[in-house]
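# Understanding the architecture of this molecule
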Amino acid sequence: MNVHGNHGKNRGHESEVRWIISSVIDDLTLSSLNAVNSYLSSVIYVLFIWAECVLYVKKVLVFFASMEWYCYALLGIITALMSFFMDMTVAKLLNAHQWLYRCLKGHHLLQFLCWTLYPACLCALSTSFAHSICPFSAGSGVPEARAILLGMDMPDYLSLSNLFAKLFGLICTLASGSTVFLGKVGPFVHLSVMVGAFMSRLHVSCPAKGEMLVVASAVGVASCFGAPVSGVLFSIEVMGTHYSVRNYCPCFFAAACGAITFRLLSVCSTDQETIQALFKTSFSSDLPYQPFEIFIFVLLGLFCSILSCIYLFCHRWALRFVKTNKPISRLLATEKSLYSAIVAFLLACFTFYHSAGHFIASELTMKQLLTSLLDDTSWYSVSQNASALPEPQKTFWQAWNPPGKSYFQTLGFFITAKVGLLVVACTLPLPAGYFMPVFVYGAAVGRLVGEGSAYFLSDGISSAKSLINPGGYALAGAAAFSGAVTHTLSPALLALEMTGQCSHAVPALVATLVSNAVARAKHRPSFYDGISLIKKLPHLPSLIRAYCTLKIMFQYSTMMVLLNEMSLSQSDSLRLWLYHVFYFFPCLPDSPTLLGTINKSQLREHLHQHRNEVIEVIMC
């Protein structure tokens, strides 16, 4: 009986404990549910308030301007942020390499390994990363972006994977330094175009894709150098075959936003004390040049045009050779990273200071090279008292005037050797730009002409005893050579915006016009047109020829229907059509939109030059 009683008491206690536990669990469940409900309600309330605030801000913003303009401003700001942080990262990597190289001073073997293996590894990393993430990220990207603006459907070149691959690969390429001697303008234009394409897909308030890409191409140049006007001119000259006037103001607005953001970031990072030009110069504005010097600037433009023709010929030949040579093409098809490492290692071996590097100032970075070449102080006058030079001018002088050599020999060897080095570097299958190396090369050409003029006219010009400013010749040479290579005039304005120097606007423009006139003779392709030819991408000359030929044949077939009613033969009909019917002919697409007209005499000359093609089309 006691056992059963104890069991009953235990069961009673267990039931009480279970009841207590269940009541506690119920209380906790109710309290937790209440807490979750209150939390969710507060979150929903906050989101509702946030949505209301966003709608209110949007209404306020739309009251002042449409959302398209805010998209343009956002595009400029994002591109400028990318450019600034890329420059900051590259500068840290270059400083680390230079610090390690200086620490190994006195150990030539270790210095050689540091100088050669560092860029070789970075180029291999850039190639492998770029091609593993997106195989379309190699190269400049300007010909591809131009083909997209012409209407080609190339979605892989505008993907986010391509953006990240090109961004990382370009950082590694630029961190290789002046050993590889490559820039960032072309890839950054492509990056800006990809950002613009992503923004146009992201929100319905953004402008149309084509308009956004045109604006983005201008923003890319403006965010690289803080030069909005030349960025817009670049988008007009390089990126499009025809330019819509309605894109003019958006391009300027977005480019100005990008340039201002880029310069403000430089001030905030204490790189600059105030908003100023990227390569600030201090040329004398009282008497910057004598009228007689205009003839020297014309000769400089001629010299730059001849060098540009040589460079473009070598560049196209190198691209074709790499593509047709079986061992190299096989290596590029299977081991792109190995090819990049080998080429970068060979370039580094040549530019090593104790080999041929001390003849081409290889220890200076690309920015230091351009800064030293744009210096307004004549090196002839510096040679008279070099010990009194302040830093960093003393370092620059020692780089261009090594022991036992004169600066004329250094500049001459730099101009001779850099053509071959740059042509070889252009074959690397990695993200890289080719405008800035050409710009620096042109500055070296102009500096050589300026120093030669200053040496032979060391007593001054005329009775005013005005000394020649070699930095002005370097400025004009940079604009002339880069303009001749790209067949554009925007480098003349870019040189002025980059240096903040307006005193040499006329000489720079004269030299650029002369170099362009010679470089464009006989319809030679520009740098970007040459790449388009190699890659079989559409560009302006090929489109004009194909388009006009097709439209002329379309008009001819339409006209033949009318002439056949007159019972004339094909030869008589063609003769009548070309010589007696019209004085000019319209070029029309399938839709009734007039693109332009072609003169009858030009049409006859064109058909005479391509008479075999015309006969084949007519017979078909």
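For every chain, the first residue of the written sequence is number 1, and numbering continues from 1 onward in sequence order. For this predicted model, a pLDDT threshold of at least 70 governs which residues receive local features, and a threshold of 80 or more governs which side-chain atom pairs are given and counted, while totals over whole chains, interfaces and linings are taken from all residues. Think of the side-chain values as coming from all heavy atoms in the structure, minus any hydrogens and water.

Looking at an unreviewed UniProt entry, the protein chain carries the name Chloride channel K, with the source organism given as Cyprinus carpio.

The next point concerns the overall build of the protein chain. We count a stretch as a helix when DSSP gives it H or I for four or more residues in a row; a strand needs E for two or more, and each element gets its number in order from the N terminus. In terms of regular secondary structure, the protein chain is built from 25 helices and two strands. The classification of residues rests on relative accessible area computed with a 1.4 Å probe and restricted to protein chains. Under 20% of the type maximum is buried, over 50% is exposed, and intermediate values are partly exposed. Within the span of the protein chain, comprising 620 residues, buried residues form 47% of the whole. Counting only contacts in the protein chain whose residues sit at least 6 apart along the sequence, the fraction spanning at least 24 positions is 76%. Every accessible area reported is derived by Shrake-Rupley at a probe size of 1.4 Å, with residue values counting cover from the shown protein chains alone. Summing over all exposed atoms, the protein chain offers an accessible surface of approximately 30900 Å²; the carbon and sulfur share of this is 67%. A contact between two residues is defined here by any heavy atoms of the two lying within 4.5 Å.

Moving on to the nonpolar core. In this description, a nonpolar core means a group of buried Ala, Val, Leu, Ile, Met, Phe, Trp, Tyr and Cys residues linked to one another through side-chain atoms lying within 4.5 Å. In terms of nonpolar packing, the biggest core is built from 128 residues, with L182, F225, Y311, L370 and W400 touching the most fellow members. Of all the elements, helix α7 (residues 209–225) adds the most residues to this core, at 11 residues. Residues in contact with L182, not counting those within four places in the same chain, are T173, L174, M366, L422, A425, L428, L430, A432, G433, Y434 and P437.

This paragraph deals with the UniProt feature "transmembrane region" (unreviewed entry) in the protein chain. UniProt positions are given in the numbering used here, feature names are shortened, and annotations may be inferred rather than shown by experiment. Following the UniProt record, one finds the feature "transmembrane region" (unreviewed entry) at residues 39–57, 69–86, 163–182, 188–206, 213–236, 294–318, 338–361 and 407–430. Helix makes up 100% of residues 69–86 and strand 0%, and the two end C-alpha atoms of the span are 26 Å apart.

Even without a glycine there, the phi angle at F181 is positive, about 60°. For F181, the location among the structural elements is in the loop between α5 (160–175) and α6 (185–202).

What counts as an axis is a line fitted to C-alpha atoms, over the stretch in contact for a helix, and the angles between N-to-C directions run from 0 to 180 degrees. Packing of helix α13 (residues 366–373) against helix α17 (residues 435–456) leaves a shortest axis separation of 9 Å and a crossing angle of 30°. With respect to their mutual orientation, α13 and α17 come out roughly parallel. α17 is crossed by α13, and the crossing has left-handed handedness. For the pair α13 and α17, the contacting residues are M366, L369, L370, S372 and L373 in the first and M436, P437, F439, V440, A443, A444 and R447 in the second. Our angle categories are set so that under 35 degrees counts as roughly parallel, over 145 as roughly antiparallel, 65 to 115 as roughly perpendicular, and the remainder as oblique. Take the far helix as your reference; a near helix turned counterclockwise from it by less than a right angle gives a left-handed crossing, and one turned clockwise gives a right-handed crossing.

For helix α12 (residues 336–351), built from 16 residues, the straight-helix expectation of 22 Å at 1.5 Å per residue is met to within 8% by its first-to-last C-alpha distance of 23 Å. Among the residues of α12, Y339, S340, A341, V343, A344, L347, A348 and T351 are the ones counted as buried. In this structure, the buried side of α12 is in contact with α3 (108–133), α10 (293–324), α11 (326–334) and α16 (407–425). To estimate the expected span of a helix, subtract one from its residue number and multiply by 1.5 Å.

Here we take up the pattern of salt bridges. Definition used for salt bridges: Asp or Glu carboxyl oxygen within 4 Å of a side-chain nitrogen of Lys or Arg. For the coordinates displayed, the defined rule picks out three salt bridges. Across the salt bridge formed by K184 and D87, the nearest N and O atoms sit 2.8 Å from each other. A residue pair is termed long-range when its members are at least 10 positions apart, and K184 in the loop between α5 and α6 and D87 in helix α2 (residues 67–103) qualify at 97 residues. Using a relative accessible area of 28% as the deciding quantity, one classes D87 as partly exposed.

Confidence in the prediction for the protein chain averages 77 pLDDT; 72% of positions are at 70 or higher. pLDDT under 50 marks residues 542–554. Its contacts with residues more than four places away, or in other chains, come to 23 contacts. A residue's pLDDT is the confidence the predictor assigns to it, expressed on a 0 to 100 scale. Across residues 556–570, where pLDDT falls below 50, the model places 16 contacts with residues more than four positions away in sequence or in other chains.

A few words on the packing of aromatic side chains. By convention here, two paired aromatic rings are described through the distance between centres and the angle between planes. Only the six-membered ring of Trp is used, alongside the rings of Phe and Tyr, when aromatic pairs are assigned; centres must lie within 6.5 Å, and planes under 30 degrees apart are stacked while those over 60 apart are edge-to-face, with the rest tilted. Counted under the stated rule, the structure contains 26 aromatic pairs. Centre to centre, the rings of Y311 and F481 are 6.4 Å apart; their planes meet at 50°, and the pair counts as tilted. With Y311 in helix α10 and F481 in helix α18 (residues 470–486), the pair connects residues that are 170 residues apart, well separated along the chain. Side by side, Y311 and F481 carry an identical accessibility label, which is buried. Grouped by ring-pair contacts, the aromatic residues F181, W379, W400, Y407, F408, F414, Y455 and F456 constitute a single cluster. Working rule: Lys NZ or Arg CZ, within 6 Å of ring centre, within 35 degrees of ring normal, means a charge sits over the ring. K418 extends its terminal NZ or CZ atom over the ring of F181, reaching a point 4.1 Å from the ring centre.

Below, the discussion takes up the packing of α17 against helix α19 (residues 490–499). Interaxial distance between α17 and α19 falls to 13 Å at its minimum, and their mutual angle equals 80°. For the element pair α17 / α19, the angle class is roughly perpendicular. In this structure, α17 contributes F435, M436 and F439 to the contact, and α19 contributes P491, L494, A495 and M498.

For patch detection, residues must exceed 30% relative accessible area and be free of salt bridges, and they are connected within 9 Å for like charges or within 5 Å for nonpolar side chains (Val, Leu, Ile, Met, Phe, Trp, Tyr). Together, F292, F295, Y455, F456 and L457 give the surface a local cluster of nonpolar side chains, amounting to about 580 Å² of exposed area. Structurally, F456 is set in helix α17. For F456, a relative accessible area of 69% puts it in the exposed group.

In what follows, a disulfide is any cysteine sulfur pair within 2.5 Å. One pass over the structure, following the stated rule, counts zero disulfides. Not part of a disulfide, C251 finds its nearest cysteine sulfur in C249, a span of 9.5 Å. Judged by relative accessible area, which is 0%, C251 ranks as buried.

What follows is about α6. Taking 1.5 Å per residue as the helical rise, α6 with its 18 residues ought to reach 26 Å, and the 26 Å between its terminal C-alpha atoms agrees with that figure. The buried fraction of α6 amounts to 15 of the 18 residues, a majority that puts the element mostly inside the structure.

This next bit is on the environment of S490. Here S490 lies in helix α19. For the pair S490 and V232, spaced 258 residues apart in sequence, the C-alpha separation works out to 8.7 Å. The contacts of S490, once residues within four sequence positions are left out, are S230, L233, F234 and E237.

Tracing the backbone shows S176 in the loop between α5 and α6. Take S176: its relative accessible area is 2%, and that puts it in the buried class. Looking at S176, its side chain comes within polar contact range of the main-chain oxygen of C172, at 3.2 Å. Nitrogen and oxygen atoms within 3.5 Å of one another constitute a polar contact, given that in protein one can donate a hydrogen and the other can accept it, and given that sequence-neighbouring residues count only through two side-chain atoms.

So, about the side chain of T116. Along the chain, the position of T116 falls in helix α3. Here F112 takes part through its backbone oxygen, which lies 2.7 Å from a polar atom of the side chain of T116. Filtering out sequence-adjacent residues up to four positions away, T116 remains in contact with F345, A348 and C349.

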